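For reference, the chains in residue letters:
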Amino acid sequence: MEKWPRRYAARLFFTDLFVIAAAMAGFWLFLRTLTPGLTDVVWPGDFRIPYVWALTTVGLLWLIALAATDSRDELVVGSGVAEYDRVFRATMSTFVIVLIVAFFFRVDLARSLFVIAFPAGLLLLLGSRWLWRQWLRRQQRKGAYVHRAFVIGEKRKIQHIIGTLQSTRGTGIEVIGAVTEPAGGQVAGIEVYGPYRSLEAGVDEHRADTVIFAGADDISPKVMRRIGWNMSDRDVNWIVAPATTDIAGPRIHSRPVAGLPLVHVSFPRLDGSRRFLKRTFDIVGSGLLIILLTPIWLITALAVKFSSPGPILYAQERVGRNGKPFPMLKFRSMVTNADEQLQALLAEQGKSDQPLFKLENDPRITKVGRVLRKFSIDELPQLFNVMRGEMSLVGPRPQREAEVAMYDDYAHRRLIVKPGMSGLWQVSGRSSLSWEDALRLDLYYIENWSFMQDVIILFRTLKAVVAPGDDAH
C-alpha cells in the first residue's frame, strides 16, 4: 500500500540538503567579502585545510544530526511540534559539537559561523518545514495525503477519539469507518461498519491504511494480537490510543516488561534548566520587543491620550502563578469607569457565571480602543510585566480574582505556571472558544511545555495579530 509519509519525508531530505548547502555557501560568500584573502582553516602546527572543505564537513554533520534526531520520521512529520523541536535539537547539537572541536583543538574558525550561519540556517530549516506543512494542509483539504482510518473499540471510547480528531485541524487522519459492538448506526457521524470480526473486511473494502484501537474490555489480548498480525500483513498502520489523553510524545515511553508493552508517562516539569531557558527567552524576547516597538508605543500613547479623557495606561489586578495577584498593564482601550459597569453588562448578557467571559459589542470600548484590541496593541505594556517576572511571553492568560474563584480543582492547574501574553488557546481560536475548550488547551500547554512550542505559539500569535479575523475583539 502506498505510504505518502515516506514520499513526504524524502522531499524534506532534499529540501534540508538544499537549505544547509545554501546556508554554508551564503556564509562562505559573506566571509570572502569581509576577508578576501581567506582560503584555509588553520589548525595548530600551521596545518591547513580549505575553508570550503571545513564548511562542507559542518554541513554534512548538520545533515547527520537531522537524521539522528529523527526529524524526518514518518510518525512526526506534517503535524505537531515534535518535528520543529527535533530540527532545533539537531541544529543545537551540531552547533555544540563544532564549537567544542574548534575550542579544544584550537581551530581558527570564524566566530561569525556561530552567530550568523547557524541561526540563519535554523530559521531557513524551520521556514522550509513550515512551507512544506502549508502545502500538505492544502493537499489534505482536497482529500489527498491523509491517512484513511478505521476506529475499533467500545462505542463511548471511539466516540471520544473520532470527536477529537474531527475537531482538531491538521491531524492528517480521516476517519472513514468504525467497528464496534453492537453494530449498526453511527458514532459521531461516522458509519459503524460492523462488529469486531468485520474489521479486516472493512479495511480491505475501503482501502484504509490506518487502524486506531480505542480500547474495549471484551477484546482479549489473543484477539488483539491476531488483529495486529493481520494489519501488519496488509501494511496498515496500527495505532493504540491510551486512555490518558492530552499527553505529548516526549512524555510517553514504551517499556516491554514480561512481554507486556507497558507505556510509562512522565509527569510534567518546568524547573531547573527548563525554567531557566524559558525565563531567559522571556527576558531577551521582551527586551528586544520593547526596543523594536518604540515607534508604536509613542503613536499609541498619543492616540489614547487625545481620543478620550483618562490615563494612557491601565493597570488591572490579575491572578498570577500560585494565585499571587499582580497589576497587569494595558493601553487604556475603555472609558474610565469601565470596571463599575462590568457586572451589570455581564448579567445582561447572561455571562456572570462563566470563568472566561467576553462581552459582545462591549459599549465601554472607545473607538481607538477597538482598533487597539483588534490588533492586540493594547496588550503591549505587558512586556514590562514579562520583564518584571510577573508574566511570560507564552502561557495561560491571567484572569481576575472573581473568575479564579469559579475554578474547580481541574482548572486550578492553570495557576502552576506564570500567565502569558499569548497562549495556545489564543492562537487556536482567540475569542471564539468555549471555556471548556480554552481550559483543555491551556492544560495541554502546561502538561507538554517545550521551548519550540513557545516559539511556534509566538509565530502563530504574530499571524493572528497581522490578520486578526472576525473573532478578535
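Parameters at a glance
- Every chain is numbered independently, its residues counted from 1 as its sequence is written.
- With the structure being a predicted model, the display of local features is reserved for residues of pLDDT at least 70 and the display and counting of side-chain atom pairs for 80 or more, all residues being used for whole-chain, interface and lining totals.
- Heavy atoms from the whole structure form the basis of all side-chain values; hydrogens and water molecules are not counted.
- What is meant by a nonpolar core is a set of buried Ala, Val, Leu, Ile, Met, Phe, Trp, Tyr and Cys residues, joined one to another through side-chain atoms within 4.5 Å.
- Throughout, exposure labels follow a simple rule: accessible area from a 1.4 Å probe, protein chains only, divided by the maximum for the residue type, with under 20% read as buried, over 50% as exposed, and the rest as partly exposed.
- Helix and strand assignments follow DSSP, with helices taken as H or I runs no shorter than four residues and strands as E runs no shorter than two, numbered in order from the N terminus.
- A contact between two residues is defined here by any heavy atoms of the two lying within 4.5 Å.
- In this analysis, the protein atoms alone were mapped onto a 1 Å grid. Cavities are point sets where a 1.4 Å probe fits without being able to get out; pockets are open sets with protein on both sides within 12 Å along at least five of seven lines; lining residues have an atom within 4 Å of a point.
- Grid points are joined across faces, edges and corners, and a volume is the space filled by probe spheres set on the points.
- Note that Gly is not counted as nonpolar here; it falls among the polar residues with everything else outside the nonpolar set of Ala, Val, Leu, Ile, Met, Phe, Trp, Tyr, Cys and Pro and the charged set of Asp, Glu, Lys and Arg.
- Patch members must show over 30% relative accessible area and no salt bridge, and they are joined within 9 Å when carrying like charges or within 5 Å when they are nonpolar side chains of Val, Leu, Ile, Met, Phe, Trp or Tyr.
- Per-residue and other accessible areas were derived by the Shrake-Rupley procedure at a 1.4 Å probe size, with only the shown protein chains allowed to occlude residues.
- Within this document, salt bridges are pairs made up of a side-chain nitrogen of Lys or Arg and a carboxyl oxygen of Asp or Glu, the two lying within 4 Å of each other.
- Lines fitted to C-alpha atoms define the axes here, with helix axes fitted over just the stretch in contact, and angles between the N-to-C directions of these axes take values from 0 to 180 degrees.
- Orientation is classified from the angle alone, with under 35 degrees giving roughly parallel, over 145 giving roughly antiparallel, 65 to 115 giving roughly perpendicular, and any other angle giving oblique.
- For any pair of crossing helices, the crossing counts as left-handed if the nearer helix is rotated counterclockwise from the farther one by less than a right angle, and right-handed if it is rotated clockwise.
- We call Phe, Tyr and Trp rings a pair once their centres come within 6.5 Å, taking the six-membered ring for Trp, and we label the pair stacked below 30 degrees between planes, edge-to-face above 60, and tilted otherwise.
- Here, a strand pair is defined by DSSP locating no fewer than two bridges between the strands.
- The predictor rates its confidence in each residue with pLDDT, a number between 0 and 100.
- A helix is expected to span 1.5 Å for every residue after the first.

**Points about the nonpolar core**
Reasoning step 1: Membership of the largest hydrophobic core comes to 67 residues, with the highest contact counts inside it found for Met 24, Tyr 51, Leu 66, Leu 109 and Leu 113.
Reasoning step 2: Considering every element that reaches this core, the biggest residue donor is helix H2 (residues 51-68), with eight residues.
Reasoning step 3: In contact with Leu 66, not counting residues within four places along its chain, are Asp 16, Ile 20, Ser 71, Arg 72, Val 87, Ala 90 and Leu 125.
Reasoning step 4: Formed by 16 residues, the second largest nonpolar core is a distinct cluster that contains Tyr 196, Val 203, Ala 208 and Val 211.

**Quick notes on the environment of Asp 217**
Reasoning step 1: Along the chain, the position of Asp 217 falls in the loop between strand E7 (210-215) and helix H7 (221-233).
Reasoning step 2: Classification of Asp 217 by relative accessible area gives exposed; the value is 70%.
Reasoning step 3: Among all residues touching Asp 217, those that are not within four sequence positions of it are Glu 154 and Lys 157.

**Considering empty space enclosed by the protein**
Reasoning step 1: Summed over the entire model, instances satisfying the criterion amount to one cavity of 30 Å³ or more.
Reasoning step 2: Of the volumes computed, that of the largest cavity is approximately 60 Å³.
Reasoning step 3: When the residues that make up the lining of the largest cavity are grouped by side-chain class, the tally is eight nonpolar, two polar and three charged.

**Points about a nonpolar patch on the surface**
Reasoning step 1: On the surface, a nonpolar cluster with roughly 700 Å² of combined accessible area is contributed by Val 96, Ile 97, Ile 100, Val 101, Phe 103, Phe 104 and Phe 105.
Reasoning step 2: Tracing the sequence through the fold places Phe 105 in the loop between helix H3 (82-104) and helix H4 (112-141).

**Side note on the packing of helix H1 (residues 4-34) against H4**
Helices that pack against each other are described as a pair by the angle of their axes relative to one another and the distance between those axes.
Reasoning step 1: Packing of H1 against H4 brings their axes to within 9 Å, and their N-to-C directions diverge by 150°. Classified by the angle between their axes, H1 and H4 sit roughly antiparallel to one another. In the crossing of H1 with H4, the sense of the turn from one axis to the other is right-handed.
Reasoning step 2: Considering only residue class, the contact of H1 with H4 consists of 18 nonpolar, five polar and four charged.

**Let's talk about the packing of aromatic side chains**
Reasoning step 1: One pass over the structure, following the stated rule, counts 19 aromatic pairs.
Reasoning step 2: Between the aromatic rings of Trp 130 and Phe 459, the centroid separation amounts to 5.5 Å while the plane-to-plane angle is 85°, which identifies the pairing as edge-to-face. On the criterion of sequence distance, the pair formed by Trp 130 in helix H4 and Phe 459 in helix H16 (residues 451-466) is long-range, its members being 329 residues apart.
Reasoning step 3: Looking at Phe 459, the relative accessible area reads 36%, which means it is partly exposed.
Reasoning step 4: Members of the aromatic cluster, each reached through a chain of ring pairs, are Trp 4, Tyr 8, Trp 132, Trp 135 and Tyr 145.

**What about the pattern of salt bridges?**
When their charged atoms lie close together, side chains carrying opposite charge are able to pair.
Reasoning step 1: Scanning the model with the defined rule gives 16 salt bridges in all.
Reasoning step 2: Note that Arg 226 and Glu 200 form a salt bridge whose closest N and O atoms lie 3.1 Å from each other. Pair noted here: Arg 226 is in helix H7 and Glu 200 is in helix H6 (residues 199-206), with a separation of 26 residues, a long-range link.
Reasoning step 3: Residue class for Arg 226 comes out partly exposed when judged on its relative accessible area of 37%.

**Details of the pairing of strand E6 (residues 190-194)**
Reasoning step 1: With two bridges joining them, strand E4 (residues 173-179) and E6 adopt parallel strand pairing. Of the residues in E6, the one forming a bridge with Val 179 is Gly 194.
Reasoning step 2: Of the pairings in the sheet, the one linking strand E5 (residues 186-187) to E6 comprises two bridges and is antiparallel in character. Counted as the bridge partner of Gln 186 is Glu 191 from E6.
Reasoning step 3: Between the antiparallel neighbours E5 and E6 lie two residues, among them Ala 188 with a positive phi of about 55°.

**Some thoughts on the packing of H3 against H16**
Reasoning step 1: One can describe the packing of H3 onto H16 by two numbers: an axis separation of 9 Å at closest approach and a directional angle of 115°. In this structure, H3 meets H16 at a crossing whose hand is right-handed. The residues of H16 that touch H3, namely those facing Tyr 84, Asp 85 and Phe 88, are Phe 451, Met 452 and Ile 456.
Reasoning step 2: Of the residues that constitute the contact of H3 with H16, the class distribution is five nonpolar, no polar and one charged.

**Details of the confidence of the model for the protein chain**
Reasoning step 1: Taken over all residues, the pLDDT of the protein chain has a mean of 83, while the share at 70 or more is 85%.
Reasoning step 2: Predicted confidence in the protein chain is weakest over strand E9 (residues 252-257), with a mean pLDDT of 60, and strongest over helix H12 (residues 382-387), with 95.

**Points about H16**
Reasoning step 1: Over its 16 residues, H16 extends 23 Å from the first C-alpha to the last, a length consistent with the 22 Å expected when each residue adds 1.5 Å.
Reasoning step 2: Among the residues making up H16, those that are buried are Phe 451, Met 452, Gln 453, Asp 454, Ile 456, Ile 457, Thr 461 and Ala 464.

**Focus: unusual backbone geometry**
Reasoning step 1: In this structure, the amide linkage connecting Glu 181 to the following residue, Pro 182, adopts the cis form with an omega of 0°.
Reasoning step 2: Inspection of the secondary structure assignment puts Pro 182 in the loop between E4 and E5.
Reasoning step 3: In this structure, Asp 70 takes a positive phi of about 55° despite not being glycine.
Reasoning step 4: Here Asp 70 falls in the partly exposed class, since its relative accessible area comes to 40%.
Reasoning step 5: Backbone geometry at Asp 235 places phi at a positive 60°, although glycine is not the residue there.
Reasoning step 6: Along the polypeptide, Asp 235 turns up in the loop between H7 and strand E8 (237-240).

**Comments concerning the pairing of strand E12 (residues 325-331)**
Reasoning step 1: Taking burial as the measure, the seven residues of E12 include five buried ones, the bulk of the element.
Reasoning step 2: Where strand E11 (residues 313-319) hands over to E12, the hairpin turn is made up of five residues, of which Asn 322 adopts a positive phi near 60°.

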